[in-house]
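Observations on the model geometry
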Amino acid sequence: MRTTVAGVALRMPYWVFTGGLAAIFLFPLGWTAVRSVAPQPGTNQVHGWGFGNYVTLGGYQAGIWRYLANSAFVSLLTVTLTLLISLLGGYAFARFKFPGRNLLFLATLAILMVPYATLLIPLYVLLNNVGLANSLVGVALVLTMFQLPFATFMMRISFEAIPRELDEAAQVDGCSSFALLRRVLLPSVKPGLITVGLFAFLAAWNDFIAPLILINDSDQMTLPLAVANLRGQVQGVVDYGATEAGVVVLALPCTVLFLLLQRHYVRGFMTGALKG
Amino acid sequence: MVKKRSRRDGNALMGWLYATPTAVFVALLFALPLLLVLKMSASRWPLLGGDKGLNFPDNYAKAVQNRFFADSLIFTLKYTILATILLIGLGLGLALLVQESSRWRNLLRASFLIPSALGLASASLLFYVLYSPLAGPLAPVMQRLGLSFLGTPNMALGSTLFLIVWRYAGFYMVLMLVGLQGIPAQVHEAALIDGASRWQQFRRVTLPLLRPTLALSTVLCVTGSLLAFEQFYILTKGGPDNSTISVVQLIYTVAFQGQNDLGVAAALSVIGLLALIVINVAQLRAFRSEGS
């Protein structure tokens, strides 16, 4: 039935419909990528195809390399801190009994319940008071805090999924709890770490509101902020070509990482959904 | 006995040691700011001057009297209801469409999901260009029809909703897929044997068993939509005629643009936090009582 002409004809409407839907989802990204190198009046790429819009982007204020470096710094610091804190925290919550354990875990999850803006206004004041005004380190600290509910939860269930017999065998061999974590358990929680790291990277790379509030200095801006500001550059005339190029630079690492790590991305949702 | 006890105490100490980084972050970057925002909301606190002493309840009075307070509240609620209905409905629809695995369906899944890898700010910038009357792909058609994507309040709301559906539908599709996978195949087989039609199966078997997933997705979607900011800050800039100002956008404006009043912004934030807690508790209650 499947390979017969009648079968194919019967399934045509389905293919057309679903293919059309997929096209709606893919078109905006594809169109922007193509337009960013296409000739377009009012941009730096008026005649013929080329990378003029990317040159405009490169020359904007402190230069795209500066903003890329800022974004990369914030993202890497956020990912590193999130991985480190949630690895140790997940281990503590899954394998140790200590006073205040449940309270601390609930307090960590409670971060999810509080609106972004509610925390960013006092954080702006606090960071100013400790000399972290206008600081990318400050932004990374704040973004790490916002990642902790998901990361801690994810790492806790990753550790809880490992049979306890493994710990006991290692402890009989005289392993300290840290050696146990480093040599025995770490390989088993690696998938959890990849998911946590991926989500932390996407969140930090893409975040807009935290740097918008915490960064005033144009040299310290992250990429999303720089591209958003670039629009109103010349007497209110928007350079659409440069904006398209900026969106491509912003989207590229995310889509590549997503395509490479799709499995881990989906697992992140599954753990959240299963527990909810 | 003695040995066992000392070992347990050692355990507790090590547990605290491993949990210390989490505790430090939660205490300094979450609990402390939460206390500070309460204090700020009860103090005169200009952006540049800092703490000028308690003035409770002036900030709350000013917050409620702000000329955009009621409008932004109504607009945010309207946007939240529309976005939630669209995203939950379309998420479920897409999930049913690609539920069984095949090469074609895996491709469809990936296409629906790719936009959710983008940041909301990037997606808003992308649609800012797509909707532009100068550079957008539909600009000539829209011009002939005499329409503009962001020209009227209703068009601006609709265009923002389209952007949000594009960005988030795949995300909700995955949540629904996970829920659908949790329904045992035998249940569907039993319904089939009993002669249930496809629609009856969906209505009487799939939907009731999907309730926990629908509840979680709705809470997530309502919370996210009530806190909407980037799509309005970047895409509509609150316009046209201040018709698309969300609550978070109002907080940002009061704090950092023009008024520069952190005290009133803190009061608005506290009101927003309380409203969010009430709405989420009400939702969870509703879903629970519906289930029993």
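Rules of the game
- Residues numbered from 1 in each chain as written.
- Chains lettered and ligands numbered in written order.
- Predicted model: local features only at pLDDT ≥ 70, side-chain atom pairs only at ≥ 80, totals over all residues.
- UniProt positions renumbered as here; feature names shortened; annotations may be inferred.
- Domains from an automatic or database assignment.
- Contact = placed C-beta atoms within 7 Å.
- Nonpolar A, V, L, I, M, F, W, Y, C, P; charged D, E, K, R; others polar.
- Helix = DSSP H or I, 4+ residues; strand = E, 2+ residues; numbered from the N terminus.
- Core = buried A, V, L, I, M, F, W, Y, C linked by C-beta atoms within 7 Å.
- Buried ≥ 20, exposed ≤ 12 C-beta atoms within 10 Å, placed from the backbone.

An unreviewed UniProt entry lists chain B under the name Sugar ABC transporter permease, with Rhizocola hellebori given as the organism. Under the Subcellular location (unreviewed entry) heading, UniProt states for chain B: "Cell membrane".

Within an unreviewed UniProt entry, the label attached to chain A reads ABC transporter permease, and the organism entered is Rhizocola hellebori. UniProt's Subcellular location (unreviewed entry) comment on chain A is quoted here verbatim: "Cell membrane". Checking UniProt for chain A, the heading Sequence similarities (unreviewed entry) contains the comment "Belongs to the binding-protein-dependent transport system permease family."

For the rest of this paragraph, the subject is the domain arrangement of chain A. Residues and elements named next belong to chain A. Domain annotation for chain A reports domain 1 (1-35) and domain 2 (52-275). Taking only C-alpha atoms into account, the centre of domain 1 sits 36 Å from that of domain 2. Contact with domain 1, which involves 4 residues of that partner, is made by 4 residues of domain 2. Within the side of domain 1 that touches domain 2, the residues separate by chemical class into 2 nonpolar, 1 polar and 1 charged.

Time to look at the UniProt feature "transmembrane region" (unreviewed entry) in chain B. Residue and element names in this part refer to chain B. On the UniProt side, "transmembrane region" (unreviewed entry) is annotated at positions that read residues 12-38, 79-98, 110-131, 155-178, 213-234 and 262-282 here. When the span residues 12-38 is considered, its composition is 100% helix and 0% strand, and the gap between its end C-alpha atoms is 34 Å. Across residues 79-98, helical content stands at 95% and strand content at 0%; the span's end C-alpha atoms are separated by 28 Å.

Here we take up the nonpolar core. Counting residues in hydrophobic clusters, the biggest one holds 163 residues, and the most contacted among them are Ile121 and Val142 of chain A together with Ile251 of chain B. Looking at which element gives the most residues to this core, the answer is helix α7 (residues 153-181) of chain B, with 16 residues. Residues within four places of Ile251 of chain B in sequence aside, it is in contact with Ala117 of chain A together with Ala265, Leu268 and Ser269 of chain B.

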